[in-house]
Amino acid sequence: MKSQDENNAADRQLAAKARREFDSAVDSIDAGTGNRLRLMRREALAGTQASGRGWLVPSIAAAAAVLAIGLAWRQPAVPTDSTPPALAVDEAAQLGFPSDDEAELYAWLGEAPVATPTGDTL
Amino acid sequence: MADVVGGNVAPPAEAAAASSPTDLDGFLASVERRAFRVAELALGQREDALDAVQDAMVKLLRYRERPAGEWTPLFWSILRSQITDRHRRNGMRRRFVSWFGREDQTGEDPMAALPDPGPDPAHRHVDQQTWQALGLAVRRLPRRQRECFLLRELQGLSVADTAAAMGCSEGSVKTHLSRALGALRITLEDWR
């Protein structure tokens with residue numbers, strides 16, 4: 001059973017050796033890996049520069065949409081072919097619609113009192 | 001233990017903190033190689049390690065407006081999170097593969113296949129064995145102990161920066177590190 005001091009000393013020794021090995025491994029990184037790391041860094045930095053201008057695309061799209069809506073709003077309403085034309089008087093008569101005189105007659109009949117069999121009027 | 005854990009001897013990265021670069025390109029250039037080795041030790045896979053470092057670089061750029069002094073704990077915190085995510089993903093993949101009765105690899109450590117050029121073949125062989133033994137031992141540590149050892153001892157972050165990167169108190173950093181060193185002392189008995 002080792003004492004606490006011996007363990008501490010062993011830990012210090014172990015940590016120092018691990019650090020030496022690690023530093024040595026960092027220094028001995030092969031050229032291919034080093035180049036890949038450099039490339040990755042450049043790509044990452046280039047990505048943020050590109051994303052810095054990324055707001056331009058949505059801004060242009062939004063401006064175009066607003067412009068299109070504005071133009072549509074200012075356009076005068078043009079009747080379309082789907083609106084049915086008003087019927088000519090002759091055509092109305094042919095279809096059986098009442099004329100103005102007949103309409104007055106029907107209105108008077110509607111308001112006139114109606115006699116009942118008992119002699120009362122409604 | 002306090003000498004090791006408490007950080008009476010400033011690790012190299014801590015000592016160099018005073019001359020930290022003030023632009024992101026310079027900062028990333030100063031940490032990318034160490035970040036790769038940390039990720040490689042933790043994950044045991046070169047490609048995974050490179051992916052983790054790349055994602056950490058991209059994510060750090062979201063914080064480019066922060067003061068340069070905050071970049072160090074931020075970057076290592078992001079990298080730590082990337083490593084943890086990949087650990088989980090790899091664990092799930094291994095379980096998925098074993099579920100269908102196919103063994104993942106041959107059980108050999110993938111780091112054994114890594115190129116690690118040294119000054120001469122004999123020295124290179126010893127270096128490679130030492131590095132592999134360290135990697136295996138580190139990956140056997142519980143996650144928090146492993147993170148603490150990598151950040152505090154190998155990367156050389158201060159106790160405060162390690163705590164910030166790990167999202168825990170400085171006291172927890174000391175506890176995790178003490179346990180990590182105790183475990184490594186046993187695992188790497190022949191290594192010293």
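Scoring rules and cut-offs
- Residues numbered from 1 in each chain as written.
- Chains lettered and ligands numbered in written order.
- Predicted model: local features only at pLDDT ≥ 70, side-chain atom pairs only at ≥ 80, totals over all residues.
- Heavy atoms only, no water.
- Contact = heavy atoms within 4.5 Å.
- Salt bridge = Lys/Arg side-chain N within 4 Å of Asp/Glu carboxyl O.
- Polar contact = N/O pair within 3.5 Å; in protein donor to acceptor, adjacent residues only side chain to side chain.
- Helix = DSSP H or I, 4+ residues; strand = E, 2+ residues; numbered from the N terminus.
- Nonpolar A, V, L, I, M, F, W, Y, C, P; charged D, E, K, R; others polar.
- Phe/Tyr/Trp six-rings, centres within 6.5 Å; stacked < 30°, edge-to-face > 60°.
- Buried < 20%, exposed > 50% of the residue type's maximum accessible area, 1.4 Å probe, protein only.
- Patch = residues over 30% accessible without salt bridge, like charges linked within 9 Å, V, L, I, M, F, W, Y side chains within 5 Å.
- Areas by Shrake-Rupley, 256 points an atom, 1.4 Å probe, with all protein chains shown as cover.
- Lys, Arg positive; Asp, Glu negative; His and termini not counted.
- Charge placed at Lys NZ, Arg CZ, Asp CG, Glu CD.
- Expected span 1.5 Å × (residues − 1).

Caption draft 1: Up close: the interface of chain B and chain A. Between chain B and chain A, the residue contacts involve 43 residues of the former and 33 residues of the latter. Taken together, the connections running from chain B to chain A amount to six salt bridges. Salt-bridge contacts for Glu32(B) lead to Arg41(A); the nearest nitrogen and oxygen are separated by 2.7 Å. Here chain B is connected to chain A by nine residue pairs in polar contact (both at pLDDT 80 or more). Elements represented by at least two residues in the side of chain B that touches chain A include exactly helix H1 (2–7), helix H3 (24–43), helix H4 (46–60), helix H6 (121–140), helix H7 (143–154) and helix H9 (170–187) of chain B. Sort the elements by how many residues they give to the side of chain B that touches chain A and H3(B) lands first, with 11 residues. For the side of chain B that touches chain A, the residue count by class is 24 nonpolar, four polar and 15 charged.

Caption draft 2: Spotlight on the packing of aromatic side chains. All names here are of chain B. Here the structure, examined in full by the defined rule, presents four aromatic pairs over all chains. Plain terms: the ring middles of Phe 75 and Trp 76 are 5.3 Å apart, the flat faces sit at 80 degrees to each other, and that makes the pair edge-to-face. Among the residues examined, Trp 76 registers a relative accessible area of 1% and is labelled buried. Here the aromatic cluster, defined as three or more aromatic residues joined through ring pairs, consists of Phe 27, Trp 71, Phe 75 and Trp 76.

Caption draft 3: Representation of the pattern of salt bridges within the structure. All names here are of chain B. What the rule picks out here adds up to 13 salt bridges over all chains. One salt bridge connects Arg 143 with Glu 147, and the closest N-O pair in it is separated by 3.1 Å. Residue Arg 143 and its partner Glu 147 are both found in helix H7; the two are separated by four residues, about one turn of the helix. The class for Glu 147 is buried, based on a relative accessible area of 7%. A network of salt bridges, in which partner residues are shared, links Arg 80, Arg 143, Arg 144 and Glu 147.

Caption draft 4: Structural detail: the environment of Trp131(B). Residues and elements named next belong to chain B. For Trp 131, the position within the fold is in helix H6. For Trp 131, a relative accessible area of 5% puts it in the buried group. Sequence-wise, Trp 131 and Leu 41 are 90 residues apart; in three dimensions their C-alpha atoms are separated by 8.7 Å.

Caption draft 5: Structural view of a nonpolar patch on the surface. Taken together, the side chains of Leu105(A), Tyr106(A), Trp108(A) and Leu109(A) make up a nonpolar region of the molecular surface, amounting to roughly 480 Å² of accessible area. Among the residues examined, Leu105(A) registers a relative accessible area of 45% and is labelled partly exposed.

Caption draft 6: Main features of a positive patch on the surface. Residues Arg89(B), Arg93(B), Arg94(B) and Arg95(B) make up a contiguous surface patch of positive charge. By the secondary structure assignment, Arg94(B) is in helix H5 (residues 71–99).

Caption draft 7: Fine view of helix H5 (residues 100–111) of chain A. Counted at 1.5 Å a residue, the expected span for H5(A) with its 12 residues is 16 Å, and the 17 Å between its end C-alpha atoms agrees. Burial of H5(A) is sparse: only zero of the 12 residues sit out of reach of the surface.

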